[in-house]
Amino acid sequence: MRFHGKVAIITGGASGIGAASVRRLHAEGASVMIADLSDTGAALAQELGERAAFQATDVADPAAVKALVAATVARFGGIDILYNNAGIGCFGETPDLAIEDWRRVIAIDLDAVFYACRAAIPEMRKRGGGVIINTASASGLAGDYGFTAYNAAKGAVVNYTRSLAIDHARDNIRANAICPGPVDTPILTDGIMQVPGLRDAWEQVVPMKRFARPEEIAAVACFLASDDASYLTGAAIPVDGGLGAHTGQPDLRAIFAAAN
Ligand code: NAD
């Protein structure tokens, strides 16, 4: 019960990494406000029962985010943990990417993080501190082919997290980013993973040769939210099966073996 008496907001809490984090934080004693566009979040809140609530929220709408923070304070008495996790992806190289698509990705993946922090930090100050966790991505630490807007947004989330960490250390607020590699969630499985061969190709470049389970990202989020991470702030933590540890150079072992 690491989070007994704590109140958490989790955006994108209806699905994938967010839903796994909702379940874990709730199981460890937190009161959890699930914020999402999708009504699945309402069913999850109902399933969890006491200490769980759902607020239909478009995180790209600053007024809706302000209302989310107000509803959380009204329902649970304050905010200790803000997990900015809602996100979308979008493919397209720069000349081909529609301006509306660029704006949509930046609005949901980056602007929304600012809106939520802006609304929640004053509430955390009232509690004497708090924790901010942002789901960035491995795609926020390096570039991907054709992932223009997502790379830009997630890279900005990583550096914004550092800015939050240094500005609010004196408020006793820690801020960290999680940078997952591929995770088995609907953002992938409902969309691009339908393309034949894609999953195999992706798994090949991950040293652990598999996607993460959402619970493996939620476990890191809960560590960051907990007092076990009391001296950890401003970090961008890869949770990627070793993806980011690789230079991208070919596996010379296979080439040497074939030559002998
Ligand atoms: P997911 O699709 O299962 O969950 C994303 C959730 O965000 C959904 O419930 C969706 O309804 C919600 N959402 C989308 N737009 C919203 C909006 N405007 N307002 C409120 N909610 C909105 O995918 P996931 O993999 O769990 O994604 C969670 C985060 O993890 C995202 O930020 C994503 O970019 C990031 N991420 C995912 C992967 C991966 O491989 N799955 C890898 C790295 C980073």
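Look above for the structure.
Quick notes on the rules
- Residues numbered from 1 in each chain as written.
- Predicted model: local features only at pLDDT ≥ 70, side-chain atom pairs only at ≥ 80, totals over all residues.
- Heavy atoms only, no water.
- Pairing = 2+ DSSP bridges.
- Helix = DSSP H or I, 4+ residues; strand = E, 2+ residues; numbered from the N terminus.
- Axes fitted to C-alpha atoms, helices over the stretch in contact; angles between N-to-C directions.
- Expected span 1.5 Å × (residues − 1).
- Bend = angle between axes of the 7 residues up to and from the residue.
- Core = buried A, V, L, I, M, F, W, Y, C linked by side-chain atoms within 4.5 Å.
- Buried < 20%, exposed > 50% of the residue type's maximum accessible area, 1.4 Å probe, protein only.
- Contact = heavy atoms within 4.5 Å.
- Near = heavy atom within 4 Å.
- Polar contact = N/O pair within 3.5 Å; in protein donor to acceptor, adjacent residues only side chain to side chain.
- Areas by Shrake-Rupley, 256 points an atom, 1.4 Å probe, with all protein chains shown as cover.
- Nonpolar A, V, L, I, M, F, W, Y, C, P; charged D, E, K, R; others polar.

(A) Quick look at the sheet that holds strand 7 (residues 236-239). Ordered by their spatial adjacency, seven strands build an open sheet running 3-2-1-4-5-6-7, and the pairing between neighbours is parallel. Each end of this open sheet is capped by a strand with a single partner; those strands are strand 3 (52-56) and strand 7. Each strand of the sheet is rotated relative to its neighbour by a mean of 20°, with strand direction disregarded. With four bridges connecting them, strand 6 (residues 173-180) and strand 7 associate as parallel partners. Along strand 7, the bridge assignment pairs Ile178 with Ile237.

(B) Representation of helix 4 (residues 99-127) in the model. With 29 residues, helix 4 should cover 42 Å at 1.5 Å per step; its first-to-last C-alpha distance of 41 Å lies within 8% of that length. Along helix 4, the helix axis deviates most sharply at Ala107, where the bend reaches about 40°. Of the residues one or two after helix 4, Gly128 is the one with positive phi, at around 85°.

(C) Focus on the nonpolar core. Counting residues in each nonpolar core, the largest one holds 41 residues, and the members touching the most others are Ile9, Leu82, Cys117, Ile132 and Leu164. The set of elements that each furnish at least two residues to this core consists of strand 1 (7-11), strand 2 (31-36), helix 3 (62-76), helix 4, helix 5 (148-168) and strand 6. Apart from the residues lying within four places of it in its own chain, the contact partners of Leu82 are Ile9, Ala116, Cys117, Ala120, Met124, Val131, Ile132 and Ile133. Listed in part, the 28 residues of the second largest apolar core include Val22, Ile34, Ile133 and Cys222.

(D) The site of the ligand, seen in detail. Around the ligand, the surrounding shell holds 28 residues, and the nearest of these are Ser15, Ile17, Asp36, Tyr150 and Thr185. Taking Ser15, its side chain carries an N or O atom lying 2.5 Å from an oxygen atom of the ligand. Out of a free accessible area of 820 Å², the ligand has 92% covered by protein chains. Those elements giving two or more residues to the shell around the ligand turn out to be helix 1 (16-27), helix 5 and helix 6 (186-189). Per-element accounting of the shell around the ligand gives the leading share, three residues, to helix 6. Looking at side-chain class alone, the shell around the ligand contains 15 nonpolar, 10 polar and three charged residues.

Note that every value here comes from positions in space, so none of it alone points to a role or purpose.
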